[in-house]
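# Chain and residue survey
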Amino acid sequence: MIGSEDKPLLTRDDLPLGKIARICRRWDVRELAIDTTQKRPPPPRSWAEEDPFVAVDLYLIADFGPGKYEWGFKKNHSVVVKELQELLGSNVWIEDKGILEKHIASGAEWARQEKESREVIFAVE
């Protein structure tokens, strides 16, 4: 049996890019990219150490365009996550590119690495 630590994260080749593009256009996503820096964390050793990221199958970075943040997310963020999860049958995590850029501006090296190594799978033309 394959444990979650052995299960690879989804890649571009696993994704129905045309269907993902339709979701992005419907919800005004300007850019969607795979965060290639992410790795699947090891499973927790006990119930007290539960890590929600163990269940994530695809880490994405999205540009939702201008707009205000509500509860740390921009408009349509949760709808896009839900639709992608339903489409893929997998757990999806989306990081907002704008927040990533704020971390870069404050000198966060990890954020710069994430932005530079992302693999764009959709962009507004």
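An account of the accompanying structure is given in this report. Just so we're clear, the structure is a prediction, and the values are computed from it rather than from any experiment.

### A word on the sheet that holds strand 1 (residues 31-34)
- Ordered in space as 5-2-1-6, the four strands form an open sheet in which the pairing is mixed. In this open sheet, the two edge strands, each paired with only one partner strand, are strand 5 (92-96) and strand 6 (119-123). For this sheet the average axis-to-axis angle between neighbouring strands, irrespective of direction, equals 30 degrees.
- Relative to strand 6, strand 1 runs antiparallel, the two being bridged by four bridges. Looking at strand 6, one finds that A33 is bridged to V120.
- Across the face of the sheet, helix 2 (residues 77-88) comes into contact with strand 1, strand 2 (58-63) and strand 5 while running at roughly 150 degrees to strand 5.
- Along the sheet face, helix 3 (residues 97-105) touches strand 1, strand 2 and strand 5 and points at about 55 degrees away from the line of strand 5.

### Observations concerning the pairing of strand 2
- Most of strand 2 sits out of view: five of its six residues are buried.
- Looking at chain direction, strand 1 and strand 2 are connected through four bridges and run antiparallel. Following the sheet pairing, A33 is matched in strand 2 by I61.

### Concerning the environment of L60
- Within the element layout of this structure, L60 appears in strand 2.
- Residue L60 is classed as buried on the basis of its relative accessible area of 2%.
- Spatially, the C-alpha atom of L60 lies 9.4 Å from that of Q38, the residues being 22 residues apart in sequence.
- When neighbours within four sequence positions are excluded, L60 is seen to be in contact with L32, A33, I34, D35, L84, V92, W93, I94, E95 and I121.

The rules behind the values
Residues numbered from 1 in each chain as written. Predicted model: local features only at pLDDT ≥ 70, side-chain atom pairs only at ≥ 80, totals over all residues. Heavy atoms only, no water. Pairing = 2+ DSSP bridges. Helix = DSSP H or I, 4+ residues; strand = E, 2+ residues; numbered from the N terminus. Axes fitted to C-alpha atoms, helices over the stretch in contact; angles between N-to-C directions. Contact = heavy atoms within 4.5 Å. Buried < 20%, exposed > 50% of the residue type's maximum accessible area, 1.4 Å probe, protein only.

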